Amino acid sequence: MNSTAVAPRDTGVLVVGACQAGIQLACSLREYGYSAPITVVGAERHAPYQRPPLSKTLLHAETSPDAIALRSEAFYADQGIRLVLGERIIRVDRGDGGAGVAYAHSGRSFAFDRLALTVGARPRRLPVPGADLAGVHYLRDADDALALRAALAEAVDVLVIGGGFIGLEVAATARELGCEVTVTLADNRLLERAVGVPTSEFFLDAHIRRGVRVHLGAPPVRLLDDGHGRVRGAELPDGSVLTADLVVVGIGAVPRTELAEQLGLTVDNGIVVNEYGLTSDGTTVAAGDCVACPPPVDLPDGPVRIRFESVNTAVEQAKTAAALLADRPVPYGAVPWFWSDQYDLKLQVAGLSTGHDRYVVRGEPDTEKFAVLYYRGGHLVAGDFVNRPADFLAVRSALAAGRTIPPEAATDTTVPLKKLIADDPRQAVA
Ligand SMILES: Cc1cc2nc3c(=O)[nH]c(=O)nc-3n(C[C@H](O)[C@H](O)[C@H](O)COP(=O)(O)OP(=O)(O)OC[C@H]3O[C@@H](n4cnc5c(N)ncnc54)[C@H](O)[C@@H]3O)c2cc1C
């Protein structure tokens, strides 16, 4: 089919990808007064749901994915949002001005005036021999979580490969379920890409205290077969073997860029968008884990574009893209934040600590209740918070308002951080 066979111009917005970013984009379009049709097509069979519980509560309990649905069926009907599930879009033909037709694997087609890509990411596969053995799990969607939950119920020895959020949350859950747990990772510290050194060191100690064995700088070179096509462990670079009857791989996610590439959009570790969520064709928008966008906060000497996988980022980027489609453009500039729950530890991170040149620790990490505040050139730029939700909110507010918290005063835990928020003298000069 060629691109001249496009739809009449009353077909509205087609959102490809029915999860956090896609549903937010559709909802925000309505909030911004967009009145033409909105269709959201998603490849998964489940109603759009929250992903964070997949590595936390859903692994513990006999909860169904319906319990973590983002919105009710009635809500979509009420908002005039047409939700089509179980359809993977495999090709898009586009004509002038952004209108076109998208085709699903089943043969169904969806005409649109404007296209939005919220296709997320897929787990990065482990590139070693044995990675396709039975008993090796990845965790991205609800079906993965249900399969992992069933496997955990039978498992004795769990090996987690990767020391990022998903790996560590699974490790914590497996430990709480009574399994022996080992974590092995290529990096030399846990959560290396997301938090600063003191927070990494705290999580290493916290997992060890709870009985998890951790091997830093030790990426498996192969997974071992028990002789019946099932995993029995992993070999490390030094030749040592870790035994396991269940392996969970959590080594990051890769943005889904196939459709963008097929459309000729610029892709560079994600679908490249500008601060309005607009892709390189000037008509298609994109949001969420699939996009690489200009950093929403000032990052001198930092990367030109970042991909930040969090609920908050997916939501804020979706609002930005919706605003553009509704002809009410506002650039994306929200302070990024996210959280992770491991055992009874709630980690919250606000801002981007990239390139910080100073940090202060507030409270005692040994008490499992502390914060780390990061500064660059004298500016407050980020904070990590363990079981300190009020401090997290104070720093998030300070960052959003371009204000600061004097580092010397921040270490006094008797004074609430929110009382210390002050004008940033350097911001005023700049
Ligand atoms: C296990 C897990 C735990 C997490 N925990 C946290 C947390 O504690 N805190 C936090 O802030 N963030 C967390 N995150 C990250 C957060 O959930 C993601 O950043 C967020 O879900 C991204 O939303 P998205 O809509 O961009 O992508 P996704 O949620 O990946 O949704 C994309 C959707 O598009 C669909 N799709 C893809 N291609 C097509 C196609 N061609 N046709 C139709 N549909 C398609 C996919 O099937 C998927 O349903 C977690 C993520 C995971 C996986």
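Per an unreviewed UniProt entry, the recorded name for the chain is Ferredoxin, and the organism is Streptomyces capitiformicae. Note on the chain: under the UniProt heading Cofactor (unreviewed entry), the record states "FAD".

What follows concerns the pattern of salt bridges. The full count for this structure, using the stated rule, is 23 salt bridges. Glu-368 is the partner of Arg-210 in a salt bridge, and the nearest nitrogen-oxygen pair spans 2.7 Å. With Arg-210 in the loop between helix H6 (197–209) and strand S12 (213–215) and Glu-368 in the loop between strand S23 (358–362) and strand S24 (370–376), this residue pair connects regions lying 158 residues apart in the sequence. Residue class for Glu-368 comes out buried when judged on its relative accessible area of 14%. Several salt bridges converge on common partners, so that one network encompasses Arg-209, Arg-210, Asp-344 and Glu-368.

A contiguous patch of negative charge on the surface is contributed by Glu-201, Asp-205, Glu-364 and Asp-366. You can see Glu-201 is positioned in helix H6. Glu-201 gets classed as partly exposed once you look at its relative accessible area, which sits at 48%.

On to the packing of helix H1 (residues 20–31) against helix H8 (residues 311–325). Taken N-terminus to C-terminus, the directions of H1 and H8 make an angle of 40°; their axes are 8 Å apart at the nearest point. Comparing their axes, H8 and H1 come out oblique. In this structure, the crossing between H1 and H8 has a hand that is right-handed. Contacts from Gln-20, Ala-21, Gln-24, Leu-25, Ser-28 and Leu-29 in H1 reach Val-311, Ala-314, Val-315, Ala-318, Lys-319, Ala-321, Ala-322 and Leu-325 in H8. Of the residues contributing to the contact of H1 with H8, the split by class is 10 nonpolar, 3 polar and 1 charged.

Once that is clear, we can look at the site of the ligand. Taken together, 35 residues lie near the ligand, and Glu-44, Arg-51, Lys-56, Arg-140 and Asp-289 sit nearest. Interatomic distance of 3.0 Å between a backbone N/O atom of Ala-43 and a nitrogen atom of the ligand. The side chain of Arg-51 places a nitrogen or oxygen atom 2.6 Å from an oxygen atom of the ligand. Expressed as a share of its isolated accessible area of 1,000 Å², the protein-covered part of the ligand is 95%. Listing elements by their share of the shell around the ligand, those giving two or more residues are H1, H8 and strand S21 (337–342). Split by residue class, the shell around the ligand holds 18 nonpolar, 8 polar and 9 charged.

Right, let's talk about the UniProt feature "domain: FAD/NAD(P)-binding" (unreviewed entry) in the chain for a bit. UniProt annotation of "domain: FAD/NAD(P)-binding" (unreviewed entry) refers to residues 13–318 when read in the numbering used here. Summarising residues 13–318: 24% helix, 24% strand, and an end-to-end C-alpha distance of 13 Å.

Reading the values: rules and limits
- Residues numbered from 1 in each chain as written.
- Predicted model: local features only at pLDDT ≥ 70, side-chain atom pairs only at ≥ 80, totals over all residues.
- Heavy atoms only, no water.
- UniProt positions renumbered as here; feature names shortened; annotations may be inferred.
- Salt bridge = Lys/Arg side-chain N within 4 Å of Asp/Glu carboxyl O.
- Helix = DSSP H or I, 4+ residues; strand = E, 2+ residues; numbered from the N terminus.
- Buried < 20%, exposed > 50% of the residue type's maximum accessible area, 1.4 Å probe, protein only.
- Patch = residues over 30% accessible without salt bridge, like charges linked within 9 Å, V, L, I, M, F, W, Y side chains within 5 Å.
- Areas by Shrake-Rupley, 256 points an atom, 1.4 Å probe, with all protein chains shown as cover.
- Lys, Arg positive; Asp, Glu negative; His and termini not counted.
- Charge placed at Lys NZ, Arg CZ, Asp CG, Glu CD.
- Axes fitted to C-alpha atoms, helices over the stretch in contact; angles between N-to-C directions.
- Parallel < 35°, antiparallel > 145°, perpendicular 65-115°, else oblique.
- Left-handed = near helix turned anticlockwise from the far one by under 90°.
- Contact = heavy atoms within 4.5 Å.
- Nonpolar A, V, L, I, M, F, W, Y, C, P; charged D, E, K, R; others polar.
- Near = heavy atom within 4 Å.
- Polar contact = N/O pair within 3.5 Å; in protein donor to acceptor, adjacent residues only side chain to side chain.

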